[in-house]
Amino acid sequence: MKSDNKETGLKANIKAIIAVSVCAAIIIGICAFDFIRSRTEYSCNDIAMNTVISIKLYGSDGQATAESVKSEIHDIEKNLLSRYEDGSDVNRINTSDGKAVAVSPEVASIISDAIDVCVDSNGVFDITVGKITELWGFGSDKQRVPSAEEIDTCLPFVGSKKLKLTDNTVQLGKNQAVDLGAVGKGAACDIVRTQLEQTKTDSAVISVGGSLLLFGKRDFSIGIVNPDNDRDYMGTLKISDTCVSTSGNYEQFFEQNGKKYHHILNASTGYPAESRLKSVTVVCKSGVISDALSTACYIMGYNDASLALLKKYDAEAVFITNDKIVRCTDGIKDSFELSDTSFIMS
């Protein structure tokens, strides 16, 4: 009888162990499912900075993080970079009548980085071109070709060397106005990167118009827009953990008397750049620098000067010419794949 009791007890214990194991497996499975589900992709879109914002996050807390990112980008526009928002840093700089203005550390850093590219591009790219930008009215209902007299009146006041930046204080020269439109979207990418580093995001792609933040070590295939049809891609770049900015003559433009006028102004002439390029895409760790370089290189064209400028900032680029020739810098050739055969690699 004792032996039978032991056997019965052993069987009961085995059944209990099996039951506990099954329960544990179910619990682990549920937890694993919740963990996997919590770390899946989360995507959403928004409108800010006069463009479409696209957010794709991989990791946990995706929805909460995305909402935080959207809020951050709106704050960047409203409080820091908008020329038209009363009280923003840039608006206060431009309405200061030449007085010194205290700005946020972020804006001071953006201006400092942008000035470096202004100087290194010999002034063809310049953030103090604001008065001339206003004459052209790109992106507004006041788009027009200004007279030569109007441009000649404003040109003497363009020049970042006249702008004084001391710590977090900015002082413009006489009759100057700052326009950070050429670096603002890249700057947003930099600020969002710092924000994502404090979250549970493993990797992300944040698109702010023509600027992209690729966050994390995951490789992404990024499409380069076909300048002749901006709904399609002409090729892709496979890259990770960097920023990408594109400047092209298809982004903002208008036609007058049968002639097309695009928004990328040569700051040394006051007119849209004529560089025989359709677009330039720049890859660089810094969003501000990638944005500034894509504009500067578009204005300069594909030549030794623009290649030297890219090299100085450890940046790579894809140039697309008016005759649909594609030229990649050496460091990015192996990452680029042409998909539209109407373009020719060189």
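Owing to the predicted nature of the structure, the values given are computational and were not obtained by experimental measurement.

A few points about the packing of helix α2 (residues 62–81) against helix α7 (residues 184–196)
In contact at an axis separation of 10 Å, α2 and α7 are set at 135 degrees when each is read in the N-to-C sense. Here α2 lies oblique to α7, going by the angle between them. Handedness of the α2/α7 crossing: right-handed. Packed against α2, whose contacting residues are Thr 65, Ser 68, Val 69, Glu 72, Ile 73, Ile 76, Leu 80 and Leu 81, the element α7 presents Gly 184, Ala 188, Ile 191, Val 192, Gln 195 and Leu 196 at the interface. Looking at the contact of α2 with α7 residue by residue, the class counts come to nine nonpolar, four polar and one charged.

Remarks on the pairing of strand β8 (residues 220–226)
Pairing analysis gives seven bridges linking β8 to strand β9 (residues 229–239), with the strands arranged antiparallel. Directly across from Val 225, in β9, lies its bridge partner Tyr 233. Hairpin remark: β8 followed by β9, antiparallel, with two residues in the connecting loop.

Observations regarding the nonpolar core
Formed by 66 residues in total, the largest nonpolar core has its most connected members in Ile 111, Phe 125, Leu 180, Leu 196, Ile 206 and Leu 293. No other element matches helix α8 (residues 287–300), which puts nine residues into this core. Among residues more than four places away in sequence, those in contact with Leu 180 are Leu 81, Val 90, Ile 110, Ile 111 and Ile 127. Grouped together as the second largest cluster of nonpolar side chains are 19 residues, Val 205, Ile 222, Ile 239 and Val 326 included.

A word on the confidence of the model for the protein chain
Averaged over the protein chain, the pLDDT score is 90; the fraction of residues at 70 or greater is 89%. Of the regions scoring below 50 in pLDDT, residues 1–38 engages in three contacts with residues more than four places distant in sequence or in other chains.

A few points about the side chain of Ser 286
Along the chain, Ser 286 turns up in the loop between β15 (277–284) and α8. What makes Ser 286 buried here is its relative accessible area of 18%. A polar side-chain atom of Ser 286 sits 3.4 Å from the main-chain amide nitrogen of Val 288. Among residues more than four places away in sequence, those in contact with Ser 286 are Asp 190 and Cys 243.

Overview of the pairing of strand β2 (residues 51–59)
Pairing of strand β1 (residues 41–48) with β2, which is carried by eight bridges, proceeds in the antiparallel orientation. Opposite Tyr 42, over in β2, you have Leu 57 as the bridge partner. The antiparallel hairpin formed by β1 and β2 contains two residues in its connecting segment, where Met 49 sits at a positive phi of about 55 degrees.

Quick notes on the rules
- Every chain's residues receive numbers from 1 upward, in the order its sequence appears when written.
- Totals for whole chains, interfaces and linings use all residues, but because this is a predicted model, local features are given only for residues with pLDDT of at least 70 and pairs of side-chain atoms are given and counted only at 80 or more.
- As a rule here, side-chain values come from all non-hydrogen atoms in the structure, and water together with hydrogens is ignored.
- Helix axes use the C-alpha atoms of the stretch in contact, all axes being lines fitted to C-alpha atoms, and the angles between their N-to-C directions lie in the range 0 to 180 degrees.
- Only runs of H or I of at least four residues qualify as helices and only runs of E of at least two qualify as strands under DSSP, and these elements are numbered from the N terminus.
- We call two directions roughly parallel when the angle between them is under 35 degrees, roughly antiparallel when it is over 145, roughly perpendicular when it lies between 65 and 115, and oblique otherwise.
- Two helices that cross are described as forming a left-handed crossing if the nearer one is turned anticlockwise from the farther one by less than a right angle, and a right-handed crossing if clockwise.
- Whether two residues touch is decided by their heavy atoms; if any such pair falls within 4.5 Å, the residues are in contact.
- Residues are sorted three ways: Asp, Glu, Lys and Arg are charged, Ala, Val, Leu, Ile, Met, Phe, Trp, Tyr, Cys and Pro are nonpolar, and all the rest, Gly among them, are polar.
- Paired strands, as defined in this entry, are two strands with at least two bridges between them according to DSSP.
- What makes a nonpolar core is a set of buried Ala, Val, Leu, Ile, Met, Phe, Trp, Tyr and Cys residues whose side-chain atoms join them at distances within 4.5 Å.
- Remark: exposure states derive from per-residue accessible area (1.4 Å probe, protein chains only) relative to the maximum for the residue type, with buried under 20%, exposed over 50%, and partly exposed in between.
- The predictor attaches a confidence to each residue, and that confidence, scored 0 to 100, is pLDDT.
- Nitrogen and oxygen atoms within 3.5 Å of one another constitute a polar contact, given that in protein one can donate a hydrogen and the other can accept it, and given that sequence-neighbouring residues count only through two side-chain atoms.

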